[in-house]
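Fold and contact review
So the chains spell out like this:
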Amino acid sequence: MGHQTHPESMAAETSQHHVVDPSDGAAATSVATADLPWPFAKLDGIDLDDLRDTAYEIFFTACRSAPGFGGRHALSYYPSEGGGGEGGGSPKKGAGVAPSRIKRALGLKILRRSQSRRTSSMGSSPFSPPAHHSHHHHTASSPGLAFSTVPQYRSRRPMTSAEIMRQQMNVTEQSDHRLRKTLMRTLVGQLGRRPETIILPLELLRHLKPSEFNDTNEYHLWQMRQLKILEAGLVLFPSIHLDKSNQFAMRLKEIVRSSEIKPIDTGKNSEIMKTLYNCVVSLAWRTPDGFPTNTCRWADGFPVNVNIYTVLLRAIFDLKDETMVLDEVDELLDLMKKTWSMLGINKGIHNLCFTWVLFHQYVVTGQVEADLLSASLAMLNEVAADAKRGDYGEPLYVKMLSSVLNSMKKWSEKRLLNYHGTFYRGTVGLMENLLPLVFSVTNILEEDVENKGAVDGAKDSPAASSRVDHYIRSSLQFAFTRLLENGNVNGTTFEVQEVTEALLQIAKETEELALKEKIIFSPVLKKWHPVAAGVAAVTLHNCYGTLLKQYLGGVSVLTNETVMVLQRAGKLEKSMVQMVVEDSVDCEDGGKSVVREMVPYEVDTFIVNLLKQWIQERLNIGKQRLQTAKETETWNPKSKTEPYAQSSVELMKHAKETVDAFLEIPLGISEELVHDLADGLENLFRDYTTFVASCGCKQSYMPTLPPLTRCNRDSTFLKLWKRASPCAVTVDDTTLSGLNEGNHPRPSTSRGTQRLYIRLNTLHYLLSQIHSLDKVLSTSPRIIPLSHSRFNKPGHIGSSSYFEMARSGIQEATQHVSEVAAYRLIFLDSNSVFYDTLYVADVKNARIKPALRILKQNLTLLGAMVTDRAQPLAIKEVMKASFEAFLMVLLAGGTSRTFSVMDHEMIADDFDNLKRVFCTCGEGLISEDTVDREAEMVEGVVALMGQSTGQLVEDFSIVACEASGIGIVGAGQKLPMPPTTGRWNRLDPNTLLRVLCHRNDRSANEFLKRTFQLAKRR
C-alpha cells in the first residue's frame, strides 16, 4: 500500500482561522490569543488533534443510539458560503432546521444557506462527509474500506448529526469507520450498555489491529494517543485521589513509556496487553469509599475532561465563517450533554466552558464579531446564577471558575487599560460590550469567588465607576507615552534633540488626543462614569504637567523658546479645564472634585518668577559694575564729545540693554513686574548718584572765621606795614605783580575742580538717559496696566515716572556738586586773588579788578567743560560763592582789613562790577533778576558800610536787644554778645557787630571796648 501525504485541514481549505488550543505548547499561537491565558492545566504530550480525535470518539460513543447516528432520523446541515445571514430570520419550510432557541437567547445571527449544498451525496457511505482529516492521519483507505469520492450515482440527502460533527471536527472517514467497528465488536450482545461503563481507549486498543491502518507509523501514533489519554485520565489527573505508590499506576506508566519506542503487542495472548488491561480496569473502576460502582472513571478528571469538552464545544462554529455559530447548535449541544456522564461534566461546568469557548472564539477570530462578545456576556449571567446558587460550590468548580474568569478579565482589562491602542471609531462598539463583561466577571470574582462582598456591578455602581476611572487614566497614560516616544522624548530622562519643537508638538497632539477621547470614547464611558471626559482631561493635564515640570526643572534663564513652551502649556491647560467644566455640568459638585485633581501648571507664576530671577540677575550685574566704578573711577572724561564719567556710560548701557531685553520677551508684562525692574534700576541709579555726589561739602573750603577784634587808626599792623615799605610800593602793586603775571591772567581752576565739573556732567548724563528709559517703559505696548497703580507710593504722588525718586536724587546731587565746585573754585582755586588779597590793608589799592579777570577766565573754562544743561546752576552757584566770599572779606576779613565810611563808594562799585560779570556771562544763563535777588543780602551789608558809626551802634543795640529778648537795656545792663550765625544780613546783630569791628574810627573802638571788652588788633 503506497504512502500518501497528509491532506490539509478544513480550516486550511477554507482559508479561515484554525482554532489552536492554547494548552498545546507546540502549536503556533496566534497574535490574538498571545495574551489570553489558557485557564485549564496543560496536558503534556497531548496536542489539539489528539484531543479532537478523542473528543469525537467519546461523543460518538455517547450518542451512538441517538437519531442521526445510524437511525432513520437526521438533522439537516448546510455549510455556509458567504458569512452569516440576517439574525432572527427563520429558514424556509423544508429548507433547514427550526430557528435556534439558544442563538435567539444569546443574540446570535441565523446563517443563510446555499440551496446547492443542502444535501449530501448518496454515492458514499451514509456516514461519510467530504473527507477532512486530522494532522495525524492519511487519506487512503485500507482494502475493504475504500470508498469513492466521486461515485457513479450521486443523490442528495440531509446530513446526519454524526456527519455534521465528523465534518466539524475534521475526522477522517477511515477513523470514523474504525470507531464504528470497535463499538460493534465491543457491544455485541450488549446494545443497552451505558457509555460510562465503556473504557473506550482500552476497547479500541483491544479490537483494532495494525492491519487496519495505512502503515505501522500511523498505527504507532494512534496507539500512543490512546495510551497517553489513559495515562492522563487514570494516573496524571484522576478524578479520585491516587497514591503515587499505586502499583497499577506505576505499571501503566511503564507501559506508556515503552510504547514510545515501538508499538506494544495488543494481541489476545499478549502478556503486556493483559497487564495493561488489568491496570486500566483496576484504576478506572476505583471508588472513593471502596464500594463497587457501575461507572468507570477514565476521562472525568480535571483538566482532562474540560480540555476534551471545550474541543467538542468548538464544533458549533461554522468552518466557512468561524465568527458564526451553526443553526444546529441546539441539537448539537443536546447531543454533547450525553458525554457529561463520561467526562464528569455538570450544568455549571458546561455553562462555564461554553462561556469560555464563546469568548475564546471572539478573541481568535480577530475580535470583530460583537455578537460573540454579547453571547459571552449572556452566558456569564448563567455562570453568575450558578455561582450564587452554590450548587456547584465544590473546590474544583470554584478553582475552574476563578481561573476562567481571571483569564477573561486579564485579557479584557489589558485592552481596556489601553483602549486608545485597541479600539478606534469603527470598533468602539466592541468596547461598549466588553465593559459590562468585565464588570460581570469582576462582580462574580468578588462576590462568589473571593467573597469580598462587593456591590452589584451595575453600570451606575461605584465599583463600575471606579474601574472605568482606572481604565481612562491608564489608557491615556499609555497614549501619552506613545506621544513621547513618537516625539523622541524619554519621559524619564527627558532626552530630546529639539526640546522646544518637541514640547510644542506634544502639547498640540495632547489636545488632539483629548478631543479624540471626548468624541469617540467618552460617550461610551459616560454610561458608567459621570465625568469620563473630565477624568481624561485631568489625566492628560497631569501627564503633560509632569513633562513640563521636568523641562522647567532645567530652565534657569527665561528665553523666547521657554516663553513659547509656557504659553502653549497655558493654552493646553485652559482647554483641559474647559473640557472638565463642560463635562461636569450635570454633576452635583459641578466637577470641583475632578478639577481639584488638576495640579496647576502655574505658567504665569513660573514666568513671573523667571522674570524676577532674570531681573535680579541683571540688577546684580549692575551692582557689580557700580562697585567696580567706585573702585576705579578717576572722573576723567572719555573725550570732548563725552564729557562724563566712563562708569556712567557703562552703567546706563547695561540699564538700557536690560530694559530692551525685558521688553523683547514675547508676552504681556504686568505693570507690577515693570515696577520691580524700575525700582531695582532706580536703586542702582540712586546709589551711583550718591557715589557721584560724594565729593565733600562747601564748608570744607570756607576759611575759618577769625576772632572779633577792635581796630584803631594807628594800629600796630599799619605801622609795621609802612615801615616795611620805605620805597612806597603799594599793596596793590605788590599784589598785581604777583598774581597777574604781566597782565596775562590764566584760569585758576584746579584739576580737582575740573573733576567736579565731570561729576556734574555725569549727573546730567544720568538724568537724560533715565528720561529715555522712562519714556521707553511708559510707551511700551507690552505692559499690562494694573487696576490700581503703584505710582501712589511715597515720593510718587502725582507722578507718572518710573524713576521719580532717582530724578529727585540727581537734582539734589547736582545742586550739591555745583555748590561744592563753586566754593572750591572761589575759596580754594581763586583764594589768592579774592579772599586773601581783596581790600587787604587798603581798599583803594586792593580793589576787585584782578579777581574779576581771573573769575572771567574761570567762568570761560567752566562753560567749555560743563554741559549746557548743567551750566546755569553751576554758574549760579559760583555767583553765590563769589557773593559769599565778598561778604567774608567785608565781615570776616581778619586783622588785615579795616574800612571807613569813605570806602563805601568803592566797595559798592566793586560789587556792581562783580554782579555785572554774572549778568553778562553766557547768553542768558543767569537773568539779571536772579543776580539782583541773590545780591540783595550783599548790597544790604554794603549799605551798612556807608552808615555812620553812631547809627551802626544805635541799630546794633536795638537789633541785639530784640534778638536776645531783653527789650531795652537798663542801667547797669550790658548788651549780650550776638552769636555767629553765618547768615549775613543788615538786620543780623552779628553782622552789625562785625561791621563795627572793621570800622576804623575811635567811636567804634571805644564802643566795642566798653561793651564787649574786645581786644585790639595786633
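All values reported here derive from a predicted model rather than from experimental measurement.

1. Re the packing of helix 31 (residues 871–891) against helix 33 (residues 928–945)
Put simply, helix 31 and helix 33 touch, their axes get as near as 10 Å, and they point 5° apart. When the interaxial angle is binned, helix 31 and helix 33 end up roughly parallel. Residues Lys876, Met879, Lys880, Phe883, Phe886, Leu887, Leu890 and Leu891 of helix 31 form the contact with helix 33, whose own contacting residues are Thr930, Val931, Glu934, Ala935, Met937, Val938, Val941, Val942 and Met945. When grouped by side-chain class, the residues that make up the contact of helix 31 with helix 33 number 13 nonpolar, one polar and three charged.

2. Focus: the side chain of Arg568
Relative to the helices and strands, Arg568 resides in helix 21 (residues 560–583). In this structure the side chain of Arg568 is engaged in a polar contact, spanning 2.5 Å, whose partner is the side chain of Glu511. Arg568 has contacts with Leu504, Ala507, Lys508 and Glu511, leaving out every residue within four places of it along the chain.

3. Brief notes about the confidence of the model for the protein chain
Confidence in the prediction for the protein chain averages 82 pLDDT; 81% of positions are at 70 or higher. Note on residues 1–29: pLDDT under 50 across the span, and 66 contacts to partners over four residues away in sequence or across chains. Scored below 50 in pLDDT, residues 121–153 makes 94 contacts in the model with residues more than four places away or belonging to other chains.

4. So, helix 36 (residues 1002–1012)
All of the buried residues along helix 36 are Ala1004, Asn1005, Phe1007, Leu1008, Thr1011 and Phe1012. In a view along the axis of helix 36, the buried residues occupy a sector of 165°, so they form one face of it. Turned more than 90 degrees away from the buried face of helix 36, the exposed residues are Arg1002 and Arg1010. Check the buried side of helix 36 and you find it contacts helix 34 (949–964) and helix 35 (989–997). Of the residues one or two after helix 36, Gln1013 is the one with positive phi, at around 55°.

5. Things to note about unusual backbone geometry
Note the cis peptide between Phe302 and Pro303, where omega equals 5°. Looking at the element boundaries, Pro303 is found in the loop between helix 9 (271–284) and helix 10 (304–313). Despite not being glycine, Asn170 shows a phi value in the positive range, around 60°. Structurally, the position occupied by Asn170 is in the loop between helix 4 (161–168) and helix 5 (173–186). Judged by its relative accessible area of 5%, Asn170 falls in the buried class. With a phi angle near 60°, Tyr839 is a residue other than glycine that sits in the positive phi range.

6. Brief notes about the side chain of Thr898
Mapped onto the elements, Thr898 comes out in the loop between helix 31 and helix 32 (904–919). Residue contacts for Thr898: discarding those within four places in its chain leaves Cys711, Val843, Asp903, His998, Asn1000 and Arg1017.

7. Topic: the nonpolar core
The biggest cluster of nonpolar side chains holds 293 residues, and the ones touching the most others in it are Met336, Tyr544 and Phe886. Apart from residues lying up to four places away in sequence, Phe886 is in contact with Phe834, Leu838, Tyr839, Ile848, Ile907, Asp910, Phe911, Leu914, Val938 and Val942.

8. What about the environment of Pro195?
With respect to the helices, strands and loops of the structure, Pro195 is situated in the loop between helix 5 and helix 6 (200–207). Owing to a relative accessible area of 13%, Pro195 belongs among the buried residues under this scheme. Once you skip the residues sitting within four places of it in the chain, Pro195 turns out to touch Thr61, Ala62, Arg64 and Met342.

9. So, the environment of Leu111
Structurally, the position occupied by Leu111 is in the loop between helix 3 (101–106) and strand 1 (120–121). Looking at Leu111, the relative accessible area reads 6%, which means it is buried. Each C-alpha atom of the pair Leu111 and Met324 lies 7.5 Å from the other, and the pair is 213 residues apart in sequence.

10. Description of the environment of Gly429
With respect to the helices and strands, Gly429 occurs in helix 17 (residues 428–449). Residue Gly429 is classed as partly exposed on the basis of its relative accessible area, which comes to 31%. When the C-alpha atoms of Gly429 and Ala370 are compared, they prove to be 7.8 Å apart, with 59 residues separating the residues in sequence.

11. Here we look at empty space enclosed by the protein
In the structure shown here, the tally under the stated rule is seven cavities of 30 Å³ or more. Space inside the second largest cavity adds up to approximately 110 Å³. Of all the elements in the fold, those that place two or more residues in the lining of the second largest cavity are helix 2 (48–62), helix 5 and helix 7 (216–236). Among the elements that take part in the lining of the second largest cavity, helix 5 stands out by supplying four residues, more than any other. Residue composition of the lining of the second largest cavity, by class: six nonpolar, two polar and five charged.

12. Some words on the packing of helix 30 (residues 849–865) against helix 32
Where helix 30 contacts helix 32, the two axes come as close as 11 Å, and the packing angle between them is 15°. Here helix 32 runs roughly parallel to helix 30, going by the angle between their axes. Crossing hand, helix 30 versus helix 32: right-handed. In contact with Leu852, Leu855, Lys856 and Leu859 of helix 30, helix 32 contributes Asn913, Leu914, Val917 and Phe918. A breakdown of the residues in the contact of helix 30 with helix 32 according to their chemical character gives six nonpolar, one polar and one charged.

13. Regarding the pattern of salt bridges
This model, assessed by the stated rule, comprises 38 salt bridges. Ionic pairing is found between Arg52 and Asp49, a salt bridge with its closest N-O pair at 2.1 Å. You can see Arg52 and its partner Asp49 sitting in helix 2, three residues apart, about one turn around the helix. Given a relative accessible area of 7%, Arg52 falls into the buried group. Judged by its relative accessible area of 5%, Asp49 is buried. One continuous salt-bridge network, built from bridges that share partners, spans Lys228, Glu231, Arg257 and Glu260.

14. A short note on the packing of aromatic side chains
Tallied over the full model, the rule gives 27 aromatic pairs. With a centroid separation of 6.1 Å and 75° between ring planes, the pair formed by Tyr839 and Phe886 is classed as edge-to-face. You can see Tyr839 sitting in the loop between helix 29 (804–829) and helix 30 and its partner Phe886 sitting in helix 31, a full 47 residues away along the chain. Put simply, the rings of Tyr839, Phe883, Phe886, Phe899, Phe911 and Phe918 pair up and form one aromatic cluster. Lying across the ring of Tyr835, Arg897 places its NZ or CZ 5.4 Å from the centre.

What counts and what doesn't
Residues numbered from 1 in each chain as written. Predicted model: local features only at pLDDT ≥ 70, side-chain atom pairs only at ≥ 80, totals over all residues. Heavy atoms only, no water. Axes fitted to C-alpha atoms, helices over the stretch in contact; angles between N-to-C directions. Helix = DSSP H or I, 4+ residues; strand = E, 2+ residues; numbered from the N terminus. Parallel < 35°, antiparallel > 145°, perpendicular 65-115°, else oblique. Contact = heavy atoms within 4.5 Å. Nonpolar A, V, L, I, M, F, W, Y, C, P; charged D, E, K, R; others polar. Polar contact = N/O pair within 3.5 Å; in protein donor to acceptor, adjacent residues only side chain to side chain. pLDDT = per-residue confidence, 0-100. Buried < 20%, exposed > 50% of the residue type's maximum accessible area, 1.4 Å probe, protein only. Arc of directions from axis to C-beta. Core = buried A, V, L, I, M, F, W, Y, C linked by side-chain atoms within 4.5 Å. 1 Å grid on protein atoms, 1.4 Å probe; cavity = no way out; pocket = protein on both sides within 12 Å on 5 of 7 lines; lining within 4 Å. Points joined across faces, edges and corners; volume = space filled by probe spheres on them. Left-handed = near helix turned anticlockwise from the far one by under 90°. Salt bridge = Lys/Arg side-chain N within 4 Å of Asp/Glu carboxyl O. Phe/Tyr/Trp six-rings, centres within 6.5 Å; stacked < 30°, edge-to-face > 60°. Lys NZ or Arg CZ within 6 Å of the ring centre and 35° of its normal.

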